[in-house]
Amino acid sequence: MSVKPLAMRDVLLNRIWRAMAEDQKIFFTSADFGSPILDKIRADFPERFVNVGIAEQNLINVSAGLALEGYTVFAYAIAPFITMRCYEQIRVSLALLSEVRPMNVNLIGVGAGFSYVVSGPTHQCYEDLTLMRALPNIRVLSPADHISADALFDRCVNTLGPKYLRFDAQVLPVIYEIDAPDLDLGFHVHRRGGHVCLIATGYMLHTAFKVADSLAAAGHQVGVIDLFDISNFAANQLQAVLSSYAGIVTLEEGFRGRGGVDAMFFEFLARRNMAARMLNIGVEGAYRFELGSREELHEQVGIGPEFVLNSVTTFMQSLFD
Amino acid sequence: MTVNAIDLREKSHWVWRETLAVHRRAPETRLASSLSSIEIFVALYYGGVLRFDPAQPLAEHRDRCIISKGHGSICMYPILADLGYFPLKELQRVCQTGSFLGGIPDPVIPGYETVNGSLGHGLGVATGMALGLKRKGSDRSVFVVSGDGELHEGANWEAIMFASQHKLDNLHLIVDDNRISMLGYTDDIVSHGSLSARLSAFGWDCQEVDGHDVIAVQKALLQMKANSAEKPKALIARTLKGHGVPGLENAPLSHIMNPKPELIDSLLEQVT
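All values derive from a computational prediction rather than experimental measurement.

Draft legend 1. Spatial organisation of the environment of R135(B). If you trace the backbone, R135(B) turns up in helix α5 (residues 122-136). Residue R135(B) is classed as partly exposed on the basis of its relative accessible area of 28%. If we skip the residues at most four places from it in the chain, R135(B) touches F27(A), E47(A), Y71(A) and H166(B).

Written out as structure tokens, the structure is:
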């Protein structure tokens with residue numbers, strides 16, 4: 001692999017830092033959350049950077065006010081805090097207000113799923129996909145590597161409306177070294193398979209690849225799709241891709257059965273009268289306080305490669321019973 | 001748009017009558033909290049305080065007026081109609097199907113800037129606007145009208161701390177300090193004590209005023225606006241919920257009380 005993997009936030013912040021020199025409209029707000037790249041923004045653009053302190057409610061409202069004054073705002077905090085601590089501010093001052101007044105606010109939430117591994121359930125984030133996709137007018141973007149995260153920048157700047165960028169806190173392997181993700185499609189077909197297709201978002205795309213590799217070694221080719229635009233993907237095109245499969249597996253690093261990507265595809269299949277059966281991979285049960293590596297934690301909650309491989313294998317067999 | 005002192009009092013009384021008339025037709029509107037804020041809005045809009053343009057409600061050259069106490073600003077309906085933001089005849093259709101004038105105002109109404117139905121958001125958004133105006137090099141001002149009850153929402157205090165940290169002297173908070181929220185006197189619920197003392201302690205420049213003396217309110221607002229002490233500014237307007245309506249005025253449950261239609265009729269029949 002020739003492209004060195006990087007943290008999603010670092011590539012996007014670098015992009016923003018470079019753009020701020022040219023585009024006087026870009027404003028960056030943070031709820032006392034940093035990074036070495038952010039230090040460059042703080043140093044070089046003190047007039048268009050503001051740290052509101054540990055105050056996510058005010059982060060959203062100040063960002064909304066700046067956006068009403070014409071700024072393109074990037075607001076930055078840890079994922080559970082920038083979504084749930086200030087959910088009503090997002091609902092009222094972004095989702096609702098943007099229906100009436102043009103505004104561009106891009107929420108960068110770092111720490112999808114278990115990516116803050118040892119910090120425990122306050123810093124881990126398993127509910128944000130459900131909550132953010134529940135709000136009309138907010139675009140939810142969930143990239144799986146730093147190249148697709150970087151590609152979101154132009155879309156953020158050039159498309160009005162509030163957006164939520166769900167970023168992993170860890171450096172993930174590179175996926176889009178050759179093919180660029182098609183932002184208009186909102187998903188990317190990485191592999192085509194026989195009877196079963198895995199649809200994953202964020203970190204779980206990497207799990208999907210591992211599972212697909214294991215299945216391929218056993219003689220079963222499965223499809224793999226990266227769904228990185230949760231709210232605005234091209235539904236007809238996705239239906240066309242999925243129509244050849246008898247079974248669909250959703251994989252998300254979020255609670256299973258609580259309105260996330262799994263629920264989205266239940267509705268998708270039902271509305272479109274698609275006959276495919278579905279298996280949903282997501283975090284089982286409730287909050288967990290156990291410590292371990294991300295991989296160990298994933299196995300404990302039913303989203304690790306081993307667990308998923310077994311589940312998918314059983315699912316594939318059941319399709320032909 | 002400035003009118004003289006006598007006209008400000010007359011205008012306040014006209015708005016009071018029109019607000020009663022709107023409520024008479026649309027009892028879903030909150031009357032008591034809309035009567036406490038009348039002189040504040042009359043001073044802002046007729047007293048030469050705000051720069052605004054009804055033909056271009058969101059023109060860049062306007063001063064921004066954020067009406068955070070959404071429910072309690074039905075008195076703005078007659079004011080905005082009178083100023084030409086929309087036709088006066090719209091006042092006949094408040095809360096009716098097809099009208100844009102609801103029980104709680106929303107920014108689909110020309111002249112409203114933000115979503116106000118959920119309390120405690122106006123000041124934070126206004127703070128962002130004030131910062132944005134400063135950074136743009138604009139000399140326009142931001143005014144926020146908030147109730148004292150909604151200052152129980154903690155997000156306000158995040159904005160209050162932020163505004164003084166950033167010396168937002170283009171930000172003006174006017175508190176309609178009627179001291180009653182839905183279930184009674186705020187002093188019995190969670191008392192603010194002296195709001196001006198609290199805001200001063202947070203680095204704001206504070207004044208208090210009799211909120212029903214429209215001339216005093218106008219004078220205080222003009223002074224506030226002219227003053228640039230590198231501090232955000234607050235005007236605590238001491239007001240009475242349900243002002244001028246017997247049985248409603250300063251009643252602890254006035255927020256949810258609707259005066260009988262006959263009482264409103266008799267008040268409207270009185271010679272002005």
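Draft legend 2. Expanded view of the packing of aromatic side chains. Residue and element names in this part refer to chain A. Throughout the structure, instances matching the rule amount to 16 aromatic pairs over all chains. Here the aromatic rings of F233 and F265 are separated by 6.4 Å at their centres, their planes lie at 10°, and the arrangement is stacked. Here F233, found in the loop between β9 (223-227) and α9 (235-242), pairs with F265, found in helix α10 (residues 261-271); they are 32 residues apart in sequence, far enough to count as distant. When its relative accessible area of 15% is taken as the criterion, F233 is described as buried. Judged by its relative accessible area of 0%, F265 falls in the buried class. An aromatic cluster is built from F28, F33, F49 and Y76, whose rings are joined through pairwise contacts. Here the basic side chain of R294 rests over the ring of Y203, its NZ or CZ set 3.8 Å away from the ring centre.

Draft legend 3. A look at the environment of G302(A). Residues and elements named next belong to chain A. Considering the arrangement of structural elements, one finds G302 in the loop between α11 (294-300) and α12 (305-319). Judged by relative accessible area, G302 falls into the buried class, the value being 3%. If we skip the residues at most four places from it in the chain, G302 touches I281, G282, E284, F307 and V308.

Draft legend 4. Examining the domain arrangement of chain A more closely. Residues and elements named next belong to chain A. Under the domain assignment, chain A is made up of domain 1 (8-167) and domain 2 (187-319). Taken over C-alpha atoms, the centre of domain 1 sits 27 Å from the centre of domain 2. If you look at the interface, domain 1 gives 22 residues, while domain 2 gives 33 residues. Carbon and sulfur atoms supply 60% of the area that domain 1 and domain 2 bury against each other, a total of about 2100 Å² over both sides. One can count 1 salt bridge joining domain 1 with domain 2. The salt bridge partner of R139 is D229, with a shortest N-O separation of 2.7 Å. For the side of domain 1 that touches domain 2, the secondary structure elements donating two or more residues are α6 (128-133) and β5 (139-141). Of the residues in the side of domain 1 that touches domain 2, the class split is 13 nonpolar, 5 polar and 4 charged.

Draft legend 5. Here's a closer look at the nonpolar core. L107(A), L242(A), F265(A), L171(B) and W204(B) are the most contacted members of the largest nonpolar core, which totals 82 residues. With 64 residues, the next largest nonpolar core counts I16(A), L38(A), F74(A) and L251(A) among its residues.

Draft legend 6. Here's a closer look at the pairing of strand β3 (residues 171-177) of chain B. Residues and elements named next belong to chain B. Among the 7 residues in β3, 7 count as buried, and that is most of the element. Both faces of β3 are covered, namely the face carrying L171, L173, V175 and D177 and the face carrying H172, I174 and D176. Across 6 bridges, the pairing between strand β2 (residues 142-147) and β3 is parallel. Each residue of the ladder has a partner; that of G147, found in β3, is D176. Crossover connection from β2 via helix α6 (residues 154-165) to parallel β3: handedness right-handed. Alignment of β3 against strand β7 (residues 233-238), held across 6 bridges, turns out to be parallel. Residue pairing for β7: V175 is matched across the bridge by I236.

Draft legend 7. Quick peek at the sheet that holds strand β11 (residues 277-283) of chain A. All names here are of chain A. An order of β7-β9-β8-β10-β11 is seen for the 5 strands of this open sheet, with the pairing classed as mixed. The outermost strands of the open sheet, each flanked by one partner alone, are β7 (187-191) and β11. Between one strand axis and the next, the sheet turns through 20° on average, direction left out of account. Along the sheet face, α9 touches β7, β8 (196-200), β9 and β10 (247-255) and points at about 20° away from the line of β7. Contacting β8, β10 and β11, α12 crosses the sheet at an angle of about 165° to β11.

Draft legend 8. Layout of the sheet that holds β2(B). Residues and elements named next belong to chain B. Pairing is parallel in the open sheet, where 5 strands are placed in the order β1-β2-β3-β7-β6. Looking along the sheet, the strands with just one partner apiece sit at the ends: β1 (64-67) and β6 (205-210). Direction aside, the axes of adjacent strands within the sheet are offset by 20° on average.

Draft legend 9. Structural context of the packing of helix α3 (residues 38-46) of chain B against helix α4 (residues 76-83) of chain B. All names here are of chain B. It is at 10 Å that the axes of α3 and α4 come closest, and there the two elements cross at 20°. Looking at the two axes, α3 sits roughly parallel to α4. Considering only the axes of α3 and α4, their crossing is right-handed. Counted together, F41, V42, Y45 and Y46 of α3 and M76, I79, D82 and L83 of α4 form the full contact between these two elements. Of the residues assigned to the contact of α3 with α4, the class counts are 7 nonpolar, no polar and 1 charged.

How each quantity is defined
Residues numbered from 1 in each chain as written. Chains lettered and ligands numbered in written order. Predicted model: local features only at pLDDT ≥ 70, side-chain atom pairs only at ≥ 80, totals over all residues. Heavy atoms only, no water. Helix = DSSP H or I, 4+ residues; strand = E, 2+ residues; numbered from the N terminus. Buried < 20%, exposed > 50% of the residue type's maximum accessible area, 1.4 Å probe, protein only. Contact = heavy atoms within 4.5 Å. Phe/Tyr/Trp six-rings, centres within 6.5 Å; stacked < 30°, edge-to-face > 60°. Lys NZ or Arg CZ within 6 Å of the ring centre and 35° of its normal. Domains from an automatic or database assignment. Buried area = accessible area lost by both parts, 1.4 Å probe. Salt bridge = Lys/Arg side-chain N within 4 Å of Asp/Glu carboxyl O. Nonpolar A, V, L, I, M, F, W, Y, C, P; charged D, E, K, R; others polar. Core = buried A, V, L, I, M, F, W, Y, C linked by side-chain atoms within 4.5 Å. Pairing = 2+ DSSP bridges. Right-handed = clockwise from strand over helix to strand, strands pointing away. Axes fitted to C-alpha atoms, helices over the stretch in contact; angles between N-to-C directions. Parallel < 35°, antiparallel > 145°, perpendicular 65-115°, else oblique. Left-handed = near helix turned anticlockwise from the far one by under 90°.

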